[in-house]
Amino acid sequence: MHSQPFPTPAATVPMPAPRPAARARRLRRPRHPRLRPTRDPRTLWRGRDTAWSTLRWPVLRASLPAIAATAFTNERGEAHAFETAIGLDWPANGMLTNAERRSWSRRPLTSCRTGNAIHPQELAAALHDTLCESVIGAPRHWDTGATALGEWWALRARYPHADGEDAAPETVETVITVQHAIGSPDVLIQGGLRLPRTGAEIATASYYVLLRNKRIVLPNSRDYDLMTTLAHQARSTAVLIASWTEEALLRPALASWAGTVATQAFGHTAAATLMAQHDRWRFPDTAPRDPGSAPMNTAADVAWSLADQLRSVPDIERRTLRQQRIIKAVSELCWWNEQDDAARGYAELVH
């Protein structure tokens, strides 16, 4: 009997690696959408807390409410000639719909003149389409903020800048934001520069706008490319702020400006805060410098410091108004600094 040799096992063949195209398709598979909170400071609208979150555009648009209008009637069933009761119709399965909003869905929250109601869904779609038709195109990120029942809400489009383009503590975004209170015919649109890590913002332009033919336009100009102009104003402001880094601040000029201009524009605590930050940075021997503090030596530093201070103003209307004052006020600081520098040079020549 002849013995048979054991068969040699076949070599194990490794599984082929997935093709790059298949791997890319798997990575592009949509994940379950979820609300992600932003870094916005506490925001109040007329004493009501506001929550901010970010969502992808398709999910965000499907989550926004529509207007639910109900006529005011008297005992005879006659409708009011001018006023209409306004509520919000929240999507049943929308990402922004919670138990509280669901309980108030389609119930009156306020009133407005008949025919003046603006649907949040329509305004958001108009902002999206107007941006897409402009030079800047659709944004990479969308944020929304709203009160608990949606009486006031905001929609923000964010455009990140390339690293190193701006004189700021971190990468800056150009943002375009619309704000609207239901029942009001007023829609405010604001362009600005924003630090995404902290939510500090410098407003660069703001306009009251209209919703016309499913687009956002200025009241007196239908052909004005508003979105492109807002973006250009923001970038021009970023260049201006970068130019403010070229000249160091003189302490007497900063103290004089802070006590006169900053106090009036930003409140009585602004001057003391700016001077303390400047002294900690410029004179570490007399006031120990905070290792984690940002520089406070130029007008650009002052601008971003003011934006950061305004995060402590919870009222959104007051905060927006003060954000709009930053550029004008700091431009005056540059003039004060030049005048002080010229006076010092003249005094040195005389003596």
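Rules of the game
Residues numbered from 1 in each chain as written. Predicted model: local features only at pLDDT ≥ 70, side-chain atom pairs only at ≥ 80, totals over all residues. Heavy atoms only, no water. Core = buried A, V, L, I, M, F, W, Y, C linked by side-chain atoms within 4.5 Å. Buried < 20%, exposed > 50% of the residue type's maximum accessible area, 1.4 Å probe, protein only. Helix = DSSP H or I, 4+ residues; strand = E, 2+ residues; numbered from the N terminus. Contact = heavy atoms within 4.5 Å. Salt bridge = Lys/Arg side-chain N within 4 Å of Asp/Glu carboxyl O. Phe/Tyr/Trp six-rings, centres within 6.5 Å; stacked < 30°, edge-to-face > 60°. Axes fitted to C-alpha atoms, helices over the stretch in contact; angles between N-to-C directions. Parallel < 35°, antiparallel > 145°, perpendicular 65-115°, else oblique. Left-handed = near helix turned anticlockwise from the far one by under 90°. Nonpolar A, V, L, I, M, F, W, Y, C, P; charged D, E, K, R; others polar. Pairing = 2+ DSSP bridges. Expected span 1.5 Å × (residues − 1).

### Structural notes on the nonpolar core
And then number 1: If you look at the biggest cluster of nonpolar residues, it comprises 37 residues, and the most contacted ones within it are W244, W257, F266, V302, I326 and V330.
And then number 2: Every element with two or more residues in this core is listed here: helix 5 (226-243), helix 6 (251-266), helix 7 (268-282), helix 8 (299-309) and helix 10 (326-350).
And then number 3: Apart from the residues within four sequence positions on either side, F266 is in contact with L306, L310, R322, R325, I326 and A329.
And then number 4: Within the second largest apolar cluster, 35 residues are counted, among which are L88, C112, L123 and V187.

### Structural notes on the pattern of salt bridges
And then number 1: The tally for this structure, following the rule as stated, stands at 15 salt bridges.
And then number 2: Its salt-bridge partner being D40, residue R194 comes within 3.2 Å of it at the nearest N-O pair. Note that R194 is positioned in strand 10 (residues 187-194) and D40 in the loop between strand 1 (36-37) and strand 2 (43-45), a separation of 154 residues in sequence.
And then number 3: Measuring nitrogen to oxygen at the nearest pair gives 3.6 Å for the salt bridge that ties E173 to R194. Of this pair, E173 sits in strand 9 (residues 173-181) while R194 sits in strand 10; the two residues are 21 residues apart in sequence, bridging distant segments of the chain.
And then number 4: Residue R194 is classed as buried on the basis of its relative accessible area of 1%.
And then number 5: Among the ionic contacts, a cluster of salt bridges with common partners joins D40, D143, R156, R158, E173 and R194.

### As for the packing of aromatic side chains
Where two aromatic rings form a pair, the distance of their centres and the angle of their planes describe that pair.
And then number 1: Tallying each qualifying case throughout the model produces 2 aromatic pairs.
And then number 2: Taken together, a centroid distance of 6.4 Å and an interplanar angle of 70° make the contact between W52 and W152 edge-to-face. Highlighted residues: W52 in strand 3 (residues 48-54) and W152 in strand 8 (residues 152-160), separated in sequence by 100 residues. Taken individually, W52 and W152 each receive the classification buried, so the pair is uniform in this respect.
And then number 3: Both rings, one in W57 and one in W142, keep their centres 4.9 Å apart while their planes meet at 35°; by these two values the pair is tilted. Placement of W57 in helix 2 (residues 57-63) and of W142 in strand 7 (residues 141-147) is noted, with a sequence separation of 85 residues between them.

### Some words on the side chain of S305
And then number 1: Its location among the elements puts S305 in helix 8.
And then number 2: With a relative accessible area of 9%, S305 lands in the buried category.
And then number 3: Ignoring any residue separated from it by four or fewer positions in sequence, one finds S305 in contact with L274, Q277 and M296.

### Examining the side chain of S134
And then number 1: Along the chain, the position of S134 falls in the loop between helix 4 (120-133) and strand 7.
And then number 2: When neighbours within four sequence positions are excluded, S134 is seen to be in contact with D225, M227 and T228.

### Some thoughts on the packing of helix 6 against helix 7
And then number 1: Two elements in contact, helix 6 and helix 7, have axes separated by 6 Å at closest approach and are oriented at 150°. Relative to helix 7, the element helix 6 is oriented roughly antiparallel. Here helix 6 and helix 7 pass one another in a crossing that is right-handed. Of the residues in helix 7, those touching helix 6 at R251, L254, A255, W257, A258, G259, A262, T263 and F266 are H268, A270, A271, L274, M275, H278 and D279.
And then number 2: Per-class residue counts for the contact of helix 6 with helix 7 are 10 nonpolar, 4 polar and 2 charged.

### Brief notes about the sheet that holds strand 6 (residues 108-113)
And then number 1: In spatial order, the strands read 4-5-6; together these 3 strands make up an open sheet with antiparallel pairing. Here the strands that pair on one side only, and so sit at the sheet edges, are strand 4 (66-73) and strand 6. Along the sheet, successive strands turn relative to each other by an average axial angle of 40°, direction set aside.
And then number 2: Two strands pair when backbone bridges link them, and strand 4 and strand 5 (residues 79-89) are joined in this way by 7 bridges, in the antiparallel orientation.

### Some words on helix 4
And then number 1: Compared with the 20 Å implied by 1.5 Å per residue over 14 residues, the 20 Å span of helix 4 between its first and last C-alpha is a close match.
And then number 2: Within the span of helix 4, buried status applies to P120, L123, A124, A125, A126, L127, H128, T130 and L131.

### Re unusual backbone geometry
And then number 1: The phi dihedral of N213 falls on the positive side, at around 55°, and the residue is not glycine.
And then number 2: Residue placement: N213 occurs in the loop between strand 11 (201-212) and strand 12 (215-217).
And then number 3: The phi dihedral of K214 falls on the positive side, at around 65°, and the residue is not glycine.
And then number 4: Within the element layout of this structure, K214 appears in the loop between strand 11 and strand 12.
And then number 5: Relative accessible area serves as the criterion here: at 66%, K214 is assigned to the exposed category.

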